[in-house]
Amino acid sequence: SGNDAANAAALALGGSQEGFAQLMNRRAAEIGMTETNFVTPSGLDDEAHYSTAYDMALLAREALKNPEFARIAASSTLQVEFLEPAQKISYSNHNRLLKMYEGCIGVKTGYTKKAGRCLVSAARREGTTLVAVTLNAPDDWDDHMALFDYGFANFATASFHSCGLPETLPVVGGTQGETQLVPGEESAATLPLEQAQAITRRVLLPRFLYAPVTAGEQVGEVQYWLNGEALYRLPLFVGQNAPCLKPEPTGWKAFWGKVKGWFGWD
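This write-up is about the structure you can find in this document.

**Observations regarding the packing of helix 1 (residues 3-14) against helix 2 (residues 17-30)**
Here's step 1: Look at helix 1 against helix 2: their axes get within 8 Å of each other, and the N-to-C directions meet at 80 degrees. It follows from the interaxial angle that helix 1 and helix 2 lie roughly perpendicular. Contacts from N7, A10, L11, L13 and G14 in helix 1 reach Q17, G19, F20 and L23 in helix 2.
Here's step 2: Each residue belonging to the contact of helix 1 with helix 2 can be placed in one class, and the counts come to five nonpolar, four polar and no charged.

As structure tokens, this is what we get:
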């Protein structure tokens with residue numbers, strides 16, 4: 001909770017606190033935070049500074065995509081080295097869930113007299129990451145552990161991936177006998193447990209390709225279905241060009257080629 005650091009970052013990146021707030025609001029809109037308006041970089045009270053639990057969950061999900069932020073948020077203690085004056089200071093994370101709840105990976109505590117106890121937390125187990133948010137909750141530690149227990153007991157994450165597919169495909173009639181197979185963007189979805197377990201996978205892919213094939217050309221897809229509806233389609237692309245072989249000459253062209261070969265003519 002380094003409010004001084006937040007203000008320093010705002011001045012460096014936005015030129016002023018107001019300029020940085022504009023950048024914050026623009027980014028918030030991009031990730032779907034429709035009920036949020038930032039005024040202060042630190043989050044301290046202001047009549048025009050507000051948000052919701054859902055928007056804070058969106059923000060946490062986006063922030064955790066940053067590896068450095070995720071590393072810091074998941075650390076119980078960190079040592080920071082200062083240049084002037086030269087010194088090292090150890091900081092302790094106020095998020096008690098890091099030690100109280102298995103799989104907790106962050107994220108942030110907060111408190112002001114007007115807002116009360118606020119907590120944004122995240123936990124990861126068996127490939128599923130959950131985010132919990134409470135605002136003005138006096139018993140936030142227990143609330144979050146109860147929310148996570150419920151979430152992990154009733155939800156699971158299904159991955160839409162290309163695992164198990166061949167790395168290459170044979171090419172017939174090409175200058176090379178095979179070409180790389182490149183999957184599109186993989187994804188995942190957290191669903192009720194019974195739905196995640198009912199997902200089926202279909203691979204639509206030819207056994208071989210006829211030349212010519214061009215890098216970037218879609219040649220198949222992996223489909224993920226739930227109760228007769230397609231949840232996700234993962235496209236599969238050609239990774240490299242495979243031009244056709246030059247056709248062998250026939251008829252008079254073939255005969256003339258042999259004659260030139262006998263006499264060493266070009």
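What follows picks up the thread again.
**Here's the deal with the packing of aromatic side chains**
Here's step 1: Following the criterion strictly, the structure yields six aromatic pairs and no others.
Here's step 2: Ring centres of Y101 and F148 lie 5.5 Å apart, and the angle between their planes is 35 degrees; on these two criteria the pair is classed as tilted. Here Y101 is found in the loop between helix 5 (97-100) and strand 3 (104-112), whereas its partner F148 is found in helix 6 (residues 140-154), with 47 residues between them in sequence.
Here's step 3: Here Y101 falls in the buried class, since its relative accessible area comes to 7%.
Here's step 4: Residue F148 is classed as buried on the basis of its relative accessible area of 2%.
Here's step 5: Cluster of aromatic residues (ring-pair linked, three or more members): Y101, F148 and F152.
Here's step 6: Taking NZ or CZ as reference, R202 lies 4.3 Å from the ring centre of W225, over its face.

**Details of the nonpolar core**
What tends to happen in soluble globular proteins is that the nonpolar side chains get buried as a cluster.
Here's step 1: Ranked by internal contacts, the top residues of the largest apolar core, which has 21 residues, are I199, L209, V213, V219 and V222.
Here's step 2: Of all the secondary structure elements, the ones that give two or more residues to this core are strand 6 (155-160), strand 7 (168-172), strand 12 (218-226) and strand 13 (229-238).
Here's step 3: The residues touching V219, leaving out its near neighbours within four places in the chain, are L169, L181, L204, L205, P206, L209, L236, F237 and V238.

**Some thoughts on the sheet that holds strand 5 (residues 128-134)**
Strands belonging to one sheet form pairs held by backbone hydrogen bonds; the direction of such a pair is parallel or antiparallel.
Here's step 1: The sheet built from three strands is open, its strands ordered 3-4-5 with antiparallel pairing. If you trace the sheet from one side to the other, it starts and ends with strand 3 and strand 5, each paired once. With strand direction ignored, the average angle separating the axes of adjacent strands in the sheet is 5 degrees.
Here's step 2: Pairing between strand 4 (residues 116-125) and strand 5: seven bridges, direction antiparallel. Of the residues in strand 5, the one forming a bridge with V120 is V133.

**Focus: the environment of H49**
Here's step 1: Looking at where H49 falls in the secondary structure, it is placed in the loop between helix 2 and helix 3 (53-63).
Here's step 2: As for H49 and V39, which are separated by ten residues in sequence, their C-alpha atoms are 5.2 Å apart.
Here's step 3: Sequence-distant contacts of H49, defined by excluding residues within four places in its chain, comprise N37, F38, V39, T40, G43 and L44.
Here's step 4: Of note is the side chain of H49, whose polar atom sits 2.9 Å from the backbone nitrogen of V39.

Cut-offs applied
Residues numbered from 1 in each chain as written. Predicted model: local features only at pLDDT ≥ 70, side-chain atom pairs only at ≥ 80, totals over all residues. Heavy atoms only, no water. Axes fitted to C-alpha atoms, helices over the stretch in contact; angles between N-to-C directions. Helix = DSSP H or I, 4+ residues; strand = E, 2+ residues; numbered from the N terminus. Parallel < 35°, antiparallel > 145°, perpendicular 65-115°, else oblique. Contact = heavy atoms within 4.5 Å. Nonpolar A, V, L, I, M, F, W, Y, C, P; charged D, E, K, R; others polar. Phe/Tyr/Trp six-rings, centres within 6.5 Å; stacked < 30°, edge-to-face > 60°. Buried < 20%, exposed > 50% of the residue type's maximum accessible area, 1.4 Å probe, protein only. Lys NZ or Arg CZ within 6 Å of the ring centre and 35° of its normal. Core = buried A, V, L, I, M, F, W, Y, C linked by side-chain atoms within 4.5 Å. Pairing = 2+ DSSP bridges. Polar contact = N/O pair within 3.5 Å; in protein donor to acceptor, adjacent residues only side chain to side chain.

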